[in-house]
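# Residue-level structure breakdown
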Amino acid sequence: MLTHVEIDQAMPTVRQQVSTLVVFENELLRHGLLSMLNHAPAVGQSWSCATIDHAFDLVARHRPNIVLCPGTGSLAARLAAMVPVHGGRLLVLLEDLALEEIEESIMRAAHGFLVQSELTVATLHEAIEKLRIGEVSLSAGLARNLMARARGAVTTRPRREICLTPRERQVLGMLAGGLSNKQIARRLGISEHGVKRHVTNLLAKLNAANRTLAVARALQEGLIGPGD
């Protein structure tokens with residue numbers, strides 16, 4: 001007969017799932033995303049709605065871990081202000097690769113970005129998994145677009161003096177390529193803890209709330225280019 005301790009040791013490790021909320025006015029897009037999420041291993045419960053009032057009610061009652069929403073408009077802006085207060089993470093779906101139309105408040109609040117043209121079951125599930133383990137999800141196409149914008153980009157404003165170590169520059173270049181902490185650690189031959197420390201330092205030096213904003217600001221400051 002197994003003892004209590006032996007029973008605990010014999011039990012398989014249970015993977016912690018997340019709850020999600022899909023907030024889109026477009027009915028086809030809303031139901032399509034919900035259907036895709038229902039097949040994601042990392043997702044437990046999911047809800048969907050079309051209005052901000054309904055979204056506020058669902059967030060307050062269920063506190064979903066991840067909220068999917070558009071990247072522009074009043075709906076996205078209000079969710080960006082509300083979701084983090086309730087402990088949720090914002091996953092933004094963009095219509096195209098243009099970052100210029102995204103408000104600063106949304107850039108700061110978002111933990112991940114997807115682009116509709118790249119949206120598949122696999123890319124959505126990968127983004128959810130990254131957010132589940134505390135990483136930021138950045139679309140490959142968006143990362144390439146960020147790098148392309150550095151090519152010949154000119155700014156007339158005076159640049160801040162930002163001093164980065166050689167290792168921080170390496171990590172920053174890999175962030176721009178959309179790599180995860182684990183992938184960066186593997187390429188550099190260091191621990192994930194070490195990568196997290198470098199990322200934290202980069203966010204502080206660039207005054208950025210997340211990786212995407214850090215890459216965008218690094219491009220604006222000329223700290224990285226398309227060849228990095």
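Residues numbered from 1 in each chain as written. Predicted model: local features only at pLDDT ≥ 70, side-chain atom pairs only at ≥ 80, totals over all residues. Heavy atoms only, no water.

### Examining the overall build of the protein chain
Heads up, the condition is: A helix here means a DSSP run of H or I that spans at least four residues, while a strand means a run of E at least two residues long, and both kinds are numbered starting from the N terminus. The contact criterion used is simple: two residues touch if any of their non-hydrogen atoms lie within 4.5 Å. Per-residue accessibility takes into account occlusion by the displayed protein chains alone, with areas from the Shrake-Rupley method and a 1.4 Å probe.
Along its length, the protein chain carries 11 helices and 6 strands. Taking the intrachain contacts of the protein chain between residues at least 6 apart in sequence as the baseline, contacts between residues at least 24 apart amount to 63%. Element-wise, carbon and sulfur atoms account for 52% of the exposed surface of the protein chain, whose accessible area totals about 12000 Å².

### So, the nonpolar core
We apply this condition: Among buried residues, those of type Ala, Val, Leu, Ile, Met, Phe, Trp, Tyr and Cys that are joined through side-chain atoms within 4.5 Å constitute a nonpolar core. Note on classification: 1.4 Å probe, protein chains only; a residue is buried when its accessible area is under 20% of the maximum for its type, exposed when over 50%, partly exposed between these limits.
Ranked by internal contacts, the top residues of the largest apolar core, which has 48 residues, are L79 and L90. Look past the residues within four positions of L79 in its chain and what remains in contact with it is V23, I52, A55, C69, P84 and L90. V18, M36, L37 and I128 belong to the second-largest nonpolar core, a separate cluster that totals 18 residues.

### Structural notes on the pairing of strand β4 (residues 89-94)
The condition that has to hold: Here a strand pair is declared whenever DSSP counts at least two bridges between the two strands. Place the viewer so that the strands point away; then a crossover is right-handed whenever the path from the first strand over the helix to the second strand goes clockwise.
The element β4 is largely enclosed, with a buried count of 5 among its 6 residues. Pairing of strand β3 (residues 66-70) with β4, which is carried by 5 bridges, proceeds in the parallel orientation. Residue pairing for β4: V67 is matched across the bridge by L90. Since β3 and β4 lie parallel, the crossover through helix α4 (residues 74-82) that links them has a hand, and here it is right-handed. Pairing between β4 and strand β5 (residues 110-115): 5 bridges, direction parallel.

### Quick look at the confidence of the model for the protein chain
Rules: On a scale of 0 to 100, pLDDT captures the predictor's confidence in every residue.
In this model, the protein chain carries a mean pLDDT of 80, and residues with pLDDT of at least 70 account for 80%. Mean pLDDT values over the elements of the protein chain span from 36, in helix α1 (residues 4-10), up to 95, in strand β1 (residues 18-23). Within the model, pLDDT remains below 50 along residues 1-14, and this stretch shows 2 contacts once partners closer than five positions in the same chain are excluded.

### Some words on helix α2 (residues 27-37)
Applied cut-off: Working note: the arc is built from the helix axis to C-beta atom directions. Side-chain atoms alone can form a polar contact between residues adjacent in sequence; in general such a contact is a pair of N or O atoms within 3.5 Å, and within protein one must be able to donate a hydrogen while the other accepts it.
By the burial criterion, the buried members of α2 are R30, L33, L34, M36 and L37. Each buried residue of α2 sits inside an arc of 160° when the element is viewed along its axis, so together they form one side. Along α2, the residues that are exposed and aim more than 90 degrees away from the buried face are E27 and L28. As for α2, its buried residues are in contact with β1, β2 (43-49), β3, β4 and α6 (121-132). A side-chain oxygen of the first residue of α2 lies 3.0 Å from the backbone nitrogen of L28; this N-cap is N26.

### Observations concerning the pairing of β3
Among the 5 residues that make up β3, 5 are buried, leaving the element largely enclosed by the rest of the structure. Two strands pair when backbone bridges link them, and β1 and β3 are joined in this way by 3 bridges, in the parallel orientation. Counterpart to L21 in the pairing with β3 is V67.

### Observations concerning helix α11 (residues 211-220)
Counting buried positions along α11 yields 9 of 10 residues, so the element is predominantly enclosed. The complete set of buried residues in α11 reads R211, T212, L213, A214, V215, A216, R217, A218 and L219. G222 occupies a position one or two residues after α11 and carries a positive phi of about 75°.

### Quick notes on the sheet that holds β1
Applicable threshold: To define axes, lines are fitted to C-alpha atoms, for helices over the stretch in contact only, and angles between the resulting N-to-C directions are given on a 0 to 180 degree scale.
Across the sheet, which stays open at both edges, the 6 strands sit in the order β2-β1-β3-β4-β5-β6 with parallel pairing between neighbours. Each end of this open sheet is capped by a strand with a single partner; those strands are β2 and β6 (137-138). Contacting β1, β2, β3 and β4, α2 runs over the sheet at an angle of about 175° to β2. Strands β1, β3 and β4 of the sheet are contacted by α4, whose axis makes an angle of about 155° with β3.

### A few points about the environment of I190
Its place among the elements puts I190 in the loop between α9 (181-188) and α10 (192-205). Under the relative-accessibility criterion, I190 is labelled partly exposed at 26%. Not counting chain neighbours up to four residues away, the residues in contact with I190 comprise R167, A185, V195 and H198.

### Considering the packing of helix α8 (residues 166-176) against α10
To keep things clear, this is the line we draw: For classification, angles of less than 35 degrees are called roughly parallel, those exceeding 145 degrees roughly antiparallel, those between 65 and 115 degrees roughly perpendicular, and all remaining angles oblique. Polar here means any residue other than Ala, Val, Leu, Ile, Met, Phe, Trp, Tyr, Cys and Pro, which are nonpolar, and Asp, Glu, Lys and Arg, which are charged; Gly is therefore polar.
One can describe the packing of α8 onto α10 by two numbers: an axis separation of 10 Å at closest approach and a directional angle of 85°. With respect to each other, α8 and α10 are oriented roughly perpendicular. Contact residues: R167, E168, V171, L172 and L175 in α8; H198, V199, N201, L202 and K205 in α10. In terms of residue class, the contact of α8 with α10 is made up of 5 nonpolar, 2 polar and 3 charged.

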